[in-house]
Amino acid sequence: MSSIQKLNQIYEGKAKKVFATSSPDYYIVEYKDDATAFNGLKHGTITGKGIINNKMSNAMFQLLEKNGVKTHFVEQLSDRETLVKAVKIVPLEIIIRNIAAGSFSKRYGVEEGTQLKISTLEYSLKNDELNDPLINDSHIIALGVATEQELSQISAMAYKINDVLKNFFAGIGIKLIDFKIEAGRLINNNNEIILADEISPDTCRFWDAKTNEKLDKDRFRRDLGGVEEAYQEIFSRINQ
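Residues numbered from 1 in each chain as written. Predicted model: local features only at pLDDT ≥ 70, side-chain atom pairs only at ≥ 80, totals over all residues. Heavy atoms only, no water.

Under the definition given, this model contains 3 aromatic pairs. Their ring planes at 65° and their centres at 4.9 Å tell us that Phe104 and Tyr108 sit as a pair that is edge-to-face. Here Tyr108 and Phe104 lie together in helix α2 (residues 102–108), a separation of 4 residues that amounts to about one turn. With 4.7 Å between their ring centres and 45° between their planes, Phe169 and Phe206 make a pair best called tilted. Of the two residues, Phe169 is situated in helix α4 (residues 148–170) and Phe206 in strand β14 (residues 204–208); the sequence distance between them amounts to 37 residues. Using a relative accessible area of 0% as the deciding quantity, one classes Phe169 as buried. By the ring-pair criterion, three or more aromatic residues cluster together here, those being Phe168, Phe169 and Phe206. Directly above the aromatic system of Phe19 lies the positively charged group of Lys6, at a separation of 4.1 Å from the ring centroid. (Phe/Tyr/Trp six-rings, centres within 6.5 Å; stacked < 30°, edge-to-face > 60°. Helix = DSSP H or I, 4+ residues; strand = E, 2+ residues; numbered from the N terminus. Buried < 20%, exposed > 50% of the residue type's maximum accessible area, 1.4 Å probe, protein only. Lys NZ or Arg CZ within 6 Å of the ring centre and 35° of its normal.)

Structural data, given as structure tokens:
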């Protein structure tokens, strides 16, 4: 894919920039070291985060591809840049929870670390002005955010990802507490739903299986210190 050229920036989010390319079928994603929390109210920098999140996401996407989950990953171009299939993001945050933590614990008064009887699936509408409100299936369909068929595909994909990732991380001594993913409609291919965005300590909660030490962005959110070290620890275990 070396003939594909990077063109103009078409999007910049809290953690990534997206660029058009000389092919309408592909984008280039560039990962930043910028860190935000609480819907952008807290800002900071995590040195080296962009490199770790890029490489880790690509490793997770390739793992998922091997297990039958279609993703936007094409090719890593550099430490911070990856070539991906062009998608239009479905404006939903798709959240799977295995163990109570974060907003789930606050919302329902459940102690953090409580093992849930089943893994839960919830959706938030991607809208910063509305603070990404929770939204249910019927509202999603009623508002035209996604169709019933698309939601069925997204749900099945999310649970499959959970199964694969839980098993993988358990094998390297890490509990997968919860995670947020995003789905995209594949441009120029009948809007097929595939996994997009990233899988990293920015979008997942990881706890050490023995100590319950937090190894994710909660260390930044809660001013726990050792943020860079936590990201590096996750990355080193993946590559051990």
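Two elements in contact, helix α1 (residues 49–66) and α4, have axes whose closest approach is 10 Å; the angle formed by their N-to-C orientations is 115°. Here α1 runs over α4; the crossing is right-handed. Between α1, through Met56, Met60, Leu63 and Leu64, and α4, the contact on the second element is made entirely by Ile161, Val164, Leu165, Phe168 and Phe169. For the contact of α1 with α4, the class distribution of residues is 9 nonpolar, no polar and no charged. (Axes fitted to C-alpha atoms, helices over the stretch in contact; angles between N-to-C directions. Left-handed = near helix turned anticlockwise from the far one by under 90°. Contact = heavy atoms within 4.5 Å. Nonpolar A, V, L, I, M, F, W, Y, C, P; charged D, E, K, R; others polar.)

Structurally, the position occupied by Pro24 is in the loop between β2 (16–21) and β3 (26–31). Pro24 sits 116 residues away from Ile140 along the chain, and the two C-alpha atoms are 28 Å apart. Excluding anything up to four places from it in sequence, Pro24 contacts Ala86 and Asn188.

When two helices pack together, their arrangement is captured by the angle between the axes and the distance separating the axes. Running from amino to carboxyl end, α1 crosses helix α6 (residues 227–238) at an angle of 35°, the nearest separation of the two axes being 10 Å. By crossing handedness, the relation of α1 to α6 is classed as left-handed. Only Tyr231, Gln232, Ile234, Phe235 and Ile238 of α6 make contact with α1, whose side of the interface consists of Lys49, Ile52, Asn53, Lys55, Met56 and Met60. Of the residues that constitute the contact of α1 with α6, the class distribution is 7 nonpolar, 2 polar and 2 charged.

Moving on to the sheet that holds strand β6 (residues 73–76). Here 5 strands make up an open sheet; going across it, the order is β1-β2-β3-β7-β6 and the pairing antiparallel. At either margin of the open sheet sits one strand with a lone partner, and together these are β1 (6–12) and β6. Here the average twist between neighbouring strands, direction ignored, is 30°. One ladder, built from 3 bridges, connects β6 with strand β7 (residues 81–85); its direction is antiparallel. In the sheet register, Gln76 faces β7, and the bridge partner there is Thr82. Contacts between α1 and the sheet are confined to β3, β6 and β7, with β6 contributing the most and set at about 135° to the helix. (Pairing = 2+ DSSP bridges.)

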